[in-house]
Every structure is written in C-alpha cells, then in structure tokens.
Amino acid sequence: MAVATQAFKGNLKKALAGLRRIDLEGLRWRVFDAKGQVLGRLASQIATVIQGKDKPTYAPHQEDGDMCIVLNAKDVSVTGRKMTNKFYRWHTGYIGHLRERSLKDQLVKDPTEVVRKAVLRMLPRNKLRDDRDRKLRIFAGSEHPFVDRPLEPYVMPPRKVREMRPRARRALIRAQIKAEQGSAGPIVKKKK
Amino acid sequence: MNKDKIFKLAKGFRGRAKNCIRIARERVEKALQYSYRDRRNKKRDMRSLWIERINAGTRLHGVNYGNFMHGLMKENIQLNRKVLSELSIHEPYSFKGLVDISRNAFPGNKLAVKDGSSIAV
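Residues numbered from 1 in each chain as written. Chains lettered and ligands numbered in written order. Predicted model: local features only at pLDDT ≥ 70, side-chain atom pairs only at ≥ 80, totals over all residues. Heavy atoms only, no water.

(A) How the structure looks around the nonpolar core. Counting residues in hydrophobic clusters, the biggest one holds 25 residues, and the most contacted among them are F32, L39, I46, C68, V70, V115 and L136 of chain A. For this core, the secondary structure elements donating two or more residues are α3 (39-51), β2 (67-71), α5 (103-109), α6 (111-120) and β5 (136-138) of chain A. The element contributing the most residues to this core is α3 of chain A, with 7 residues. Contact partners of L136 of chain A, with chain neighbours within four places excluded, come to I46, I50, C68, V70, R116 and V119 of chain A. Core analysis: the second largest hydrophobic core is formed by 12 residues, F68, M69, L87 and F95 of chain B among them. (Core = buried A, V, L, I, M, F, W, Y, C linked by side-chain atoms within 4.5 Å. Buried < 20%, exposed > 50% of the residue type's maximum accessible area, 1.4 Å probe, protein only. Helix = DSSP H or I, 4+ residues; strand = E, 2+ residues; numbered from the N terminus. Contact = heavy atoms within 4.5 Å.)

(B) Seen up close, the pattern of salt bridges. Residues and elements named next belong to chain A. If you walk through the whole model with that rule in mind, you get 17 salt bridges over all chains. Two residues, R116 and D133, come together in a salt bridge whose shortest N-O distance is 3.1 Å. Placement of the pair is R116 in helix α6 and D133 in helix α7 (residues 129-134), with a sequence separation of 17 residues. Connected through salt bridges with shared partners, the residues R28, R30, D54, K55, D66 and E152 form a single ionic network. (Salt bridge = Lys/Arg side-chain N within 4 Å of Asp/Glu carboxyl O.)

Purely geometric stuff here, so don't read any function into it on its own.
Structure representation (structure tokens):
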C-alpha cells in the first residue's frame, strides 16, 4: 500500500494542495466511486454534498460541506453518443481561436477534468465556489493518499432507468438476434 | 442637522460615500430603500432557509420535504417551518419521531439505505 501511494508522487502534491486552508476538521470524508456511474447524475450528488445541503445545519453564507473524494474518474460513463459528440469548448481570447476537445480526448488527456468541470458547473457562482472546489479531490484510478483518514463511502440513491423507446428497443432486439445468428447458426428469425 | 443624520447613517460605506455629503446622501437614500425592501424579503428568505434545512433533515431519514409536509398536514400537526427546522438541528430524535409519524400517515418513501448517521456536525 505504501509503495502504491508513493507511486504517484506528482499527483501527491496536487492531492494535498491547499489542505491546510480548509479550516474545519469536523467534516466527514465521503468517497464516491465513479465506476460505471452516469456523469451528470454523479456530479449532481457530489454538488449537493459539497455544498453541505444534506445537513440540517446548512447556512448559505458559510461553507460547511464535506470533503469529497472521487475515485475511478476514468471509468465514468455517459449515455447516448456523448463520448464522441460532447465537446468542451473554450476561447483563448484571440480572434477566431475557439478551441474544442471531445469527451474521448479529454478522458485520454486528463480524466479528472471531466468530473471537475461537471461538478463546478453545478455549483452556484458565488464567492464560496473556490473553497468548494478545494474540497473536491478527484483521482483517475482507485488509489488515493488519504488512507489514514476516517473515510465514508457514499451510497448513490437508486436510479429509475427510463424504459427504452419502441424504436430503440426494436433496434436492440435486432442487434441481439444478429449476435445470436452469428454465434449459433443460420436460423433465420423474423422479429417485428 | 440633516447632514449629521446622513453621515451617521453612512457609517461603513465605501469610499467617498461616507465622507462627502452629495454622494453620501444618494447612497443613504438607496440604503434605506434596500432596507425597506429587504425587511419584506427577509421573511421570504428565512422561510426558504427553513424549508431547505427541513428538506436536508428529512432526507437523512429517507423522506423528502414534500411528502413530509403532506403527512404532517394529514395528521393535522400545525408546527410551523421555523420550529421544524430548529427541531431538525437541535432535537434530532424528536424530529425522527415526527418523520415516522409523517411516513405512517402518508405512505411515502421507503428508501432502502441512507448514508452515515443522522446526526450532523
């Protein structure tokens, strides 16, 4: 375990950055596992916890959210065609220099930025936003250097998955049948 | 006379607004207008803050705010939101009792699992 944590020395500095600036240590350390979670739904839960809105002692003028650690950020999933079609755009300030990068490339380049952008854009834009950003620690893999703290895993609320639309369901059934045909044998079945 | 009153009200203002009468007069007028408006807004803001706190407190027990209040209305419990929010902070066990009453009155949520303890910092 010690060898593994020392393995990413570069990220160690980033992971512990600004930890001294956070005053209260009566906070809990919540661990989110992003493996297989949908990006936006996970980010919405993280944003609620980071703001402290799940505590009855919430006050809008003070910052009392829990520390959030997100693991396996590279395994976060999205629905639809967002993996290739979702673009992160930014303008550099020079005329005509609108840059864009797709989700796939961003995951290759820096997977933590995907979750970080998603959460930051869900927080209210006020003076507490930077402090809340400091409470959020995201790791691409499943190792993190906070093993000596009292960690609490966060259980995501059960999700109601919408029933598939008829056309998509028919396409899925056709794809299944094609897979069966390819593996089993030339038995032709017509499904309507 | 009026000038002194204005300067007295302009304490803590930024820049020339606390020292020069022409600017201070405008800023003080605006400040008084804001305070008139905000005396009414405060009531709205406080109620919304109570509702947020009650929501957080009930979600720790698996019920959301809407169903909770519906259950309380059904049982004709007339505690107001201010008291409920205070209970949720300082009297967590009594609040849990109220949540149970509401859950029995209105078959709301039976969320399977909730994270951590219900007593916050």
